[in-house]
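These are the residues of each chain, in order.
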Number of protein chains: 2
Amino acid sequence: MTLLALTGGVGGAKLALGFAKVLPPEEVVFVVNTGDDFEHLGLHISPDVDTLTYTLAEVADPVAGWGRKDETWRFMAALERFGGETWFRLGDADLALHLHRRTLLGLGLSLTAATREIAARLGVEHSILPMSDDPVRTRVLSPDGPLAFQHYFVRDRCAPKAVGFEFAGAEAASVNPAIPFESLTAIVICPSNPFVSVDPILAVNGMRDALLATGAPIVAVSPIVGGRAIKGPTAKMMRELGIPATTVEVAKHYAGLVSHFVVDEVDACARTKVAALGMQTVTLQTVMSSTDDRVQLARAVLEFIR
Amino acid sequence: MTLLALTGGVGGAKLALGFAKVLPPEEVVFVVNTGDDFEHLGLHISPDVDTLTYTLAEVADPVAGWGRKDETWRFMAALERFGGETWFRLGDADLALHLHRRTLLGLGLSLTAATREIAARLGVEHSILPMSDDPVRTRVLSPDGPLAFQHYFVRDRCAPKAVGFEFAGAEAASVNPAIPFESLTAIVICPSNPFVSVDPILAVNGMRDALLATGAPIVAVSPIVGGRAIKGPTAKMMRELGIPATTVEVAKHYAGLVSHFVVDEVDACARTKVAALGMQTVTLQTVMSSTDDRVQLARAVLEFIR
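Residues numbered from 1 in each chain as written. Chains lettered and ligands numbered in written order. Predicted model: local features only at pLDDT ≥ 70, side-chain atom pairs only at ≥ 80, totals over all residues.

1. Comments concerning the pairing of strand β7 (residues 145-148) of chain A
All names here are of chain A. Formally: When DSSP finds at least two bridges between two strands, those strands are taken to pair. Under the DSSP-based scheme used, a helix requires at least four consecutive residues in state H or I and a strand at least two consecutive residues in state E, with every element numbered from the N terminus.
Where strand β6 (residues 137-142) lies against β7, four bridges are found, and the strand directions are antiparallel. Across the sheet, R139 pairs through a bridge with A148, a residue of β7. Between β6 and β7, which follow one another and run antiparallel, lie two residues.

2. Overview of the environment of T247 of chain A
Residues and elements named next belong to chain A. Here is the rule: Buried residues are those with 20 or more other C-beta atoms within 10 Å of their own C-beta, exposed residues have 12 or fewer, and partly exposed residues lie in between; C-beta atoms are placed from the backbone. Contact between residues is assigned whenever the C-beta positions, reconstructed from backbone atoms, fall within 7 Å.
Position of T247 among the secondary structure elements: in helix α10 (residues 247-253). C-beta crowding within 10 Å serves as the criterion here: with 29 such atoms nearby, T247 is assigned to the buried category. A C-alpha to C-alpha distance of 29 Å links T247 and E171, two positions 76 residues apart in sequence. Discounting residues that sit within four places of it in the chain, T247 has contacts with S222, I224, V263, D264, D267 and A270.

3. Some thoughts on the interface of chain B and chain A
Heads up, the condition is: Put simply, Ala, Val, Leu, Ile, Met, Phe, Trp, Tyr, Cys and Pro go in the nonpolar bin, Asp, Glu, Lys and Arg in the charged bin, and everything else, Gly too, in the polar bin.
Between chain B and chain A, the residue contacts involve 23 residues of the former and 23 residues of the latter. Breaking the side of chain B that touches chain A down by element, the ones donating at least two residues are α3 (74-81), α4 (92-106) and α5 (111-121) of chain B. When the residues that make up the side of chain B that touches chain A are grouped by side-chain class, the tally is eleven nonpolar, seven polar and five charged.

4. Describing helix α4 (residues 92-106) of chain A
What counts here: In a helix, the anticipated span is given by 1.5 Å times the number of residues less one.
For α4 of chain A, with 15 residues, the first-to-last C-alpha span of 21 Å sits near the 21 Å given by 1.5 Å per residue. Buried within α4 of chain A are the following residues: D92, A93, D94, L95, A96, L97, L99, H100, R101 and L104 of chain A. Where the residues of α4 of chain A are buried, they touch β4 (43-45), α2 (47-56), α3 (74-81) and α5 (111-121) of chain A together with α3 and α4 of chain B. The positive-phi residue at the C-terminal boundary of α4 of chain A is G108 of chain A, with phi of around 100°.

5. Quick look at the packing of helix α1 (residues 10-22) of chain A against α2 of chain A
Residues and elements named next belong to chain A. Test applied: Helix axes are fitted to C-alpha atoms over the stretch in contact, other axes to C-alpha atoms as well, and angles between N-to-C directions run from 0 to 180 degrees. Take the far helix as the reference: if the near one is turned anticlockwise from it by less than a right angle, the crossing is left-handed, and if turned clockwise, right-handed.
Axis separation between α1 and α2 bottoms out at 9 Å; the angle between their running directions is 35°. α1 and α2 meet at a crossing whose hand is right-handed. Touching V10, A13, A16, L17 and A20 of α1 are T51, L52, T55 and L56, all from α2.

6. Quick notes on the sheet that holds strand β9 (residues 186-189) of chain A
All names here are of chain A. One open sheet holds the seven strands; their spatial order is β5-β2-β1-β9-β10-β13-β14, and the pairing between them is parallel. If you trace the sheet from one side to the other, it starts and ends with β5 (127-130) and β14 (280-284), each paired once. Averaged over all neighbouring strand pairs, the angle between strand axes comes to 20°, with direction disregarded. Here strand β1 (residues 3-7) pairs with β9 via four bridges, running parallel. By the bridge assignment for β9, L6 is matched with I189.

7. Quick notes on the pairing of strand β2 (residues 28-32) of chain B
Residue and element names in this part refer to chain B. The condition is simple: A right-handed crossover is one whose linking path, passing over the helix from the first strand to the second, runs clockwise when the strands point away from the viewer.
The buried count for β2 comes to five of five residues, which makes it a mostly enclosed element. Neither face of β2 is open: one carries V28, F30 and V32, the other V29 and V31, and all of them are buried. With five bridges joining them, strand β1 (residues 3-7) and β2 adopt parallel strand pairing. Considered in β2, the bridge of T7 is made with V32. Taken together, β1, helix α1 (residues 10-22) and β2 constitute a β-α-β crossover, and its handedness is right-handed. Where β2 lies against strand β5 (residues 127-130), four bridges are found, and the strand directions are parallel.

8. Considering the sheet that holds strand β8 (residues 164-168) of chain A
Hydrogen bonds between backbone atoms are what pair the strands of a sheet, whose relative direction is either parallel or antiparallel. Residue and element names in this part refer to chain A. Taken together, three strands build an open sheet; the order of strands is β7-β6-β8 and the sheet is antiparallel. Two strands in the sheet have a free side with no partner beyond their single neighbour: β7 and β8. Going across the sheet, the axis of each strand differs from the next one's by a mean of 30°, ignoring polarity. Together, β6 and β8 form the strand contacts of helix α7 (residues 194-203), whose direction differs from that of β8 by roughly 40°.

The values are spatial; any link to function lies outside them.
As structure tokens, this is what we get:
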């Protein structure tokens, strides 16, 4: 089989690791949100690509979910003394990735090629594909105006009210040509934030149609469990948008795209409503605390598709 | 008084620290070689400016003479794993200076303004002035062709034979307009390498004439003591250029510019020959091992000028 998994950062990367553990590199490809990307201190930061890279390399910080484990913060402390921008935390080892990527991009490599080179150096054999090599920038629309995603997410700690989102550049961006649409046997939308992790991927010009044209089953795993987000601002955003923070609403959000939908055991009663949207459903334990949980969920999702 | 001290990195910075200890900020200005500057990993590295900044801030590594004390090297280790260029050692805390300078230069600040801002943040009150805000790039001419200075100095560890030097851009560069030529009462050439630390400063278009036009005494402190360089490749270069590695030859090198010349006690017998060049001479203990040595030599040099 060839599985395509769409993912954002932390939450999605957990299930992605599960797939990487149960499928060989030739049977799964990860397509990653780059709407979070931004220029910072003259570097190109690609938070979701980096989180997935570190996660698959098993060097990710298991507590934070982003960055590297056993990280040190000498650079940040020194930068603070200079009065530099320290709201975005860059660890000493993490910095090497960012400076090296800058070098690679400066040599003319695409983000895809730079990502491949970096991941290979960390021993990652699975393909990590940015959704596009063209810039797409997610903005969170708030009552005080639009906010660049990292300003909303990190600097302002998701405090501003979200009234909408835009994905600047998505219309003009080309789908990553390395995505093997023609050979896909299944597509999984990992349990990432639908609004700011998955929607930017789907917003890339032609992506949605290309996914549907494969005819492959498209499975979504709900990031909302028992009315709460496992991590991140998904539930808060839904409330602010006037949408109940339920797994059913996540399914509605993906209606017209998704054919299969995974609800968590605690939301088992929602299956009927999701099924009414024309989706096949299954109830699984979706909260992943350990690597075993990730592997088990990956296997169960594959089972569901088959 | 207003003293102008011309300096390169390690050797010169030692005496510069002595002057900073005995003269208040309004009485001494440091003019620093930027011929060593280069672009590396997308950063503007200014080795001599940084060494002087760290030295005056008293955060310099006392053993290496460059970089910061108590430095850590997580970034370099991670960069090595990516296959990045690791021949130029950038410590985790040192990196903050380089990334912050990039930010400042990106905002349109001159190298002088960026240097002032950075030094102030480290508590340095004395003026550190790059010789020019325009790029000057020292190249070491070797039998195999020209080498960018840091490639010669760091990457190749001064192994190639030096047959000459060039200071690309010096003709087109303007002398730093912040240098207070009109009010100088004395000029000191610190014990830096004459060929690759001091000559680039003197090569900046108009610098030499501007120094002479002040009419102030110009004192040089020999970096060659007992036929050897205290640190660095000065003696090796002199031998390769077919010049005896003696303090007399250093004095000859500065003939026409320097009015006063400091020889080390071990070279006391050279005084007659130096005096024959028309220079006033003094014999001092010039090898600086401790901070006290730096202060003592600074005082003695000031005494000599007065």
